[in-house]
Amino acid sequence: MRPPILLKTILDICFIFSAFSLVVFLISLIITFSTGTDLSFVSIEKPPENINNFALWGLILIEVIKTFAFVYGLYVLRKLIRSFFGNKLYTKLQIASLNLSGRLICLSVILGAVSEFLKAMIVDSRIELNFGFEFSFSSFWIILAFGIFLIFLSKVFENARQLKQENELTI
């Protein structure tokens, strides 16, 4: 089996950009709250003056957890792809990596939807649920389906591992 070099390269690039954006976000967050400066160049939206600080911290915490879950999910996928270079299939590492990365991607997408809902409710003072289908790869449903697919694929790998072990035991 040829190793998936193109997939590894794409995941490496996505991971580097995602990790860089997470680091920049955390540094700007630390600078904003430690010095009290206005970082309006980071975001066009400015929170209203009458917003509760606890609600603002909650939104920021959800965004940090969402981004960290996505970045860590990409990291686990990178490790998974690198494990395919050893020409061993159906290992416990691959099964656990598929399952974990799928769960992390699903968690990231769900936290993103919760964050958007809470942001609309707290900042804009309106309740809005938007689960429409977009025709893009960043759609809520497509990314959620990708995460669930990875979880399903881990179950397929687990079943294949059991069948492989039974096949090796037969004479």
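Conventions we followed
- Residues numbered from 1 in each chain as written.
- Predicted model: local features only at pLDDT ≥ 70, side-chain atom pairs only at ≥ 80, totals over all residues.
- Heavy atoms only, no water.
- Helix = DSSP H or I, 4+ residues; strand = E, 2+ residues; numbered from the N terminus.
- Buried < 20%, exposed > 50% of the residue type's maximum accessible area, 1.4 Å probe, protein only.
- Contact = heavy atoms within 4.5 Å.
- Areas by Shrake-Rupley, 256 points an atom, 1.4 Å probe, with all protein chains shown as cover.
- Core = buried A, V, L, I, M, F, W, Y, C linked by side-chain atoms within 4.5 Å.
- Expected span 1.5 Å × (residues − 1).
- Salt bridge = Lys/Arg side-chain N within 4 Å of Asp/Glu carboxyl O.
- Axes fitted to C-alpha atoms, helices over the stretch in contact; angles between N-to-C directions.
- Parallel < 35°, antiparallel > 145°, perpendicular 65-115°, else oblique.
- Left-handed = near helix turned anticlockwise from the far one by under 90°.
- Nonpolar A, V, L, I, M, F, W, Y, C, P; charged D, E, K, R; others polar.

A. Just the overall build of the protein, in detail. A count of helical and extended segments in the protein gives four helices and zero strands. Its helices and strands taken in sequence order, the protein reads α-α-α-α from the N to the C terminus. Within the protein, the proportion of its 171 residues that are buried is 29%. Expressed as a percentage of contacts within the protein between residues at least 6 apart in sequence, the contacts between residues at least 24 apart total 79%. When the accessible surface of the protein is split by element, carbon and sulfur atoms take 69% of a total near 11,800 Å².

B. Local environment of the nonpolar core. L11, L77, L80, F84, L98, L150 and F157 are the most contacted members of the largest nonpolar core, which totals 14 residues. Elements represented by at least two residues in this core include exactly α1 (5-35), α2 (53-83), α3 (92-122) and α4 (140-169). When residues in this core are grouped by element, the largest group, five residues, is from α2. Each residue touching L11, except ones within four places of it in the same chain, is listed here: L74, L77, R78 and I81.

C. Focus on α1. Its 31 residues give α1 an end-to-end C-alpha distance of 45 Å, which sits within 8% of 45 Å, the value for a rise of 1.5 Å per residue. Within α1, the full set of buried residues consists of L11, D12, F15, S18, L22, S28 and L29. Looking at the packing, one finds that the buried side of α1 touches α2.

D. Molecular detail of the pattern of salt bridges. Scanning the model with the defined rule gives four salt bridges in all. The partner of K8 in a salt bridge is D12, with the nearest N and O atoms 3.0 Å apart. Here the residue K8 and the residue D12 both occupy positions in helix α1, the gap between them amounting to four residues, near one helical turn. Its relative accessible area of 13% is what places D12 among the buried residues.

E. Spotlight on the packing of α3 against α4. Relative orientation of the contacting elements α3 and α4 amounts to 160 degrees, with a least axis distance of 8 Å. Compared by their axis directions, α3 and α4 come out roughly antiparallel. As for the relative orientation of α3 and α4, their crossing is left-handed in sense. Residue classes in the contact of α3 with α4 are distributed as 16 nonpolar, six polar and four charged.

F. Summary view of the environment of A69. Positionally, A69 belongs in helix α2. Judged by relative accessible area, A69 falls into the buried class, the value being 4%. Placed 38 residues apart in sequence, A69 and L107 show a C-alpha to C-alpha distance of 7.1 Å.

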